[in-house]
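Chain and residue survey
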Amino acid sequence: MHAQHTENYAIDATDDEVGVEICAPMKNVYAIALGIADGLEEATGVPHHNLKAATFTQAVKEISLLGAAQGAAEQTAFGLPNVGDLEVTGLSGRNKVYGVSLGGQKPDEALAEMERLEQTVEGVSAAGLAQGFVRQHAPDTVEKLPLLSAVNEVLAGTDKSVQEVIAKAVLPRP
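Let me sum up the structure you'll find in this document. All values derive from a computational prediction rather than experimental measurement.

Attention shifts here to the overall build of the protein. The secondary structure content of the protein amounts to nine helices and zero strands. Going from N to C terminus, the protein has its helices and strands arranged as α-α-α-α-α-α-α-α-α. What you see for the protein is a C-alpha radius of gyration of 16 Å, in line with the 16 Å of a compact globule of 174 residues. In terms of its C-alpha atoms, the protein occupies a principal-axis envelope of roughly 45 × 40 × 30 Å. The buried share among the 174 residues of the protein stands at 43%. The contacts in the protein between residues at least 6 apart in sequence include a share of 68% that link residues at least 24 apart.

It is possible for side chains bearing opposite charge to pair when their charged atoms get close. Considering all chains together, one arrives at six salt bridges under this definition. With its nearest N and O atoms 2.4 Å apart, the salt bridge here joins E122 to R94. On the criterion of sequence distance, the pair formed by E122 in helix α7 (residues 122–137) and R94 in helix α5 (residues 94–101) is long-range, its members being 28 residues apart. Residue E122 is classed as partly exposed on the basis of its relative accessible area of 28%.

This part covers the environment of K52. If you trace the backbone, K52 turns up in helix α2 (residues 49–69). On a C-alpha basis, the gap between K52 and A33 in space is 8.3 Å, while along the polypeptide they are 19 residues apart. Aside from chain neighbours lying at most four places away, what touches K52 is L34, A37, D38 and G90.

It is worth spelling out the packing of helix α1 (residues 17–44) against helix α8 (residues 146–155) at this point. A packed helix pair is summarised by two numbers, namely the angle formed by the two axes and the spacing between the axes. One can describe the packing of α1 onto α8 by two numbers: an axis separation of 10 Å at closest approach and a directional angle of 70 degrees. By the criterion of interaxial angle, the relationship of α1 to α8 is roughly perpendicular. Our pair here, α1 against α8, has a crossing hand that is left-handed. Along its contact with α1, which presents M26, V29, Y30, A33 and I36, the element α8 presents L147, L148, V151 and V154. Tallied by class, the residues present in the contact of α1 with α8 amount to nine nonpolar, no polar and no charged.

Moving on, we come to α1. Helix length check: α1 (28 residues) gives 41 Å between terminal C-alpha atoms against 40 Å at 1.5 Å per residue, within 8%. Once α1 finishes, G45 follows within two positions and takes phi at roughly 80 degrees, a positive value.

Moving on, we come to the nonpolar core. In terms of nonpolar packing, the biggest core is built from 41 residues, with L147 and I166 touching the most fellow members. When residues of this core are assigned to their parent elements, the largest contribution, eleven residues, is made by α1. In this structure L147 touches Y30, A33, T55, Q58, A59, E62, I166, A169 and V170, once residues within four positions along its chain are discounted.

To continue, consider unusual backbone geometry. One non-glycine residue, E118, lies in the positive phi region at around 60 degrees. Within the secondary structure layout, E118 lies in the loop between α6 (107–116) and α7. A relative accessible area of 72% places E118 in the exposed class.

Looking now at the environment of H137. Locating H137 in the fold gives a position in helix α7. Taking the C-alpha atoms as reference points, H137 and A69, 68 residues apart in sequence, are found 8.5 Å from one another.

Below, the discussion takes up the side chain of N152. With respect to the helices and strands, N152 occurs in helix α8. Engagement of the side chain of N152 in a polar contact is seen with the backbone oxygen of A127, the distance being 3.1 Å. Reaching out from N152, the side chain makes a polar contact with the backbone nitrogen of G128 at a distance of 3.3 Å.

Reading the values: the criteria
Residues numbered from 1 in each chain as written. Predicted model: local features only at pLDDT ≥ 70, side-chain atom pairs only at ≥ 80, totals over all residues. Heavy atoms only, no water. Helix = DSSP H or I, 4+ residues; strand = E, 2+ residues; numbered from the N terminus. Rg over C-alpha atoms; globule rule 2.2 N^0.38 Å. Buried < 20%, exposed > 50% of the residue type's maximum accessible area, 1.4 Å probe, protein only. Contact = heavy atoms within 4.5 Å. Salt bridge = Lys/Arg side-chain N within 4 Å of Asp/Glu carboxyl O. Axes fitted to C-alpha atoms, helices over the stretch in contact; angles between N-to-C directions. Parallel < 35°, antiparallel > 145°, perpendicular 65-115°, else oblique. Left-handed = near helix turned anticlockwise from the far one by under 90°. Nonpolar A, V, L, I, M, F, W, Y, C, P; charged D, E, K, R; others polar. Expected span 1.5 Å × (residues − 1). Core = buried A, V, L, I, M, F, W, Y, C linked by side-chain atoms within 4.5 Å. Polar contact = N/O pair within 3.5 Å; in protein donor to acceptor, adjacent residues only side chain to side chain.

Geometric descriptors of this kind do not, in isolation, establish any biological role.
Structure follows, in structure tokens:
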């Protein structure tokens, strides 16, 4: 056992700096989308388990694709730096809490409430920066990242339903 491991916490050593640098901010963006599924359940009273599972799966896929486009090791996206961190952040992090609010509030209202509570929502600025990064450094992957585009659309205050935007990005198409 490593000195950095406890019964409740583990550090996964890696030399994949690029992979970790991709995973760290992107999990915040996708945690917003995971929160939206919970927020829709709160707003409608109808569970959105399938939407949340599809969102989680698509988030992992997109982070893996973006990392690979930048030379990251595929295993990084499927290990603690991404799947582990995304799970924790998507269950209880500030970005998830903000996403929950988007199930029933407009993005600026939800962000104002988070700011009132002195809670930083890193995924908001990271989403736009990520989209710009992809266009500049991985243009071949833009169309392969529909969930990233959907989160940015929601954050911009789309006229469509939040559920429709997220579902279109993550659910299989006939």
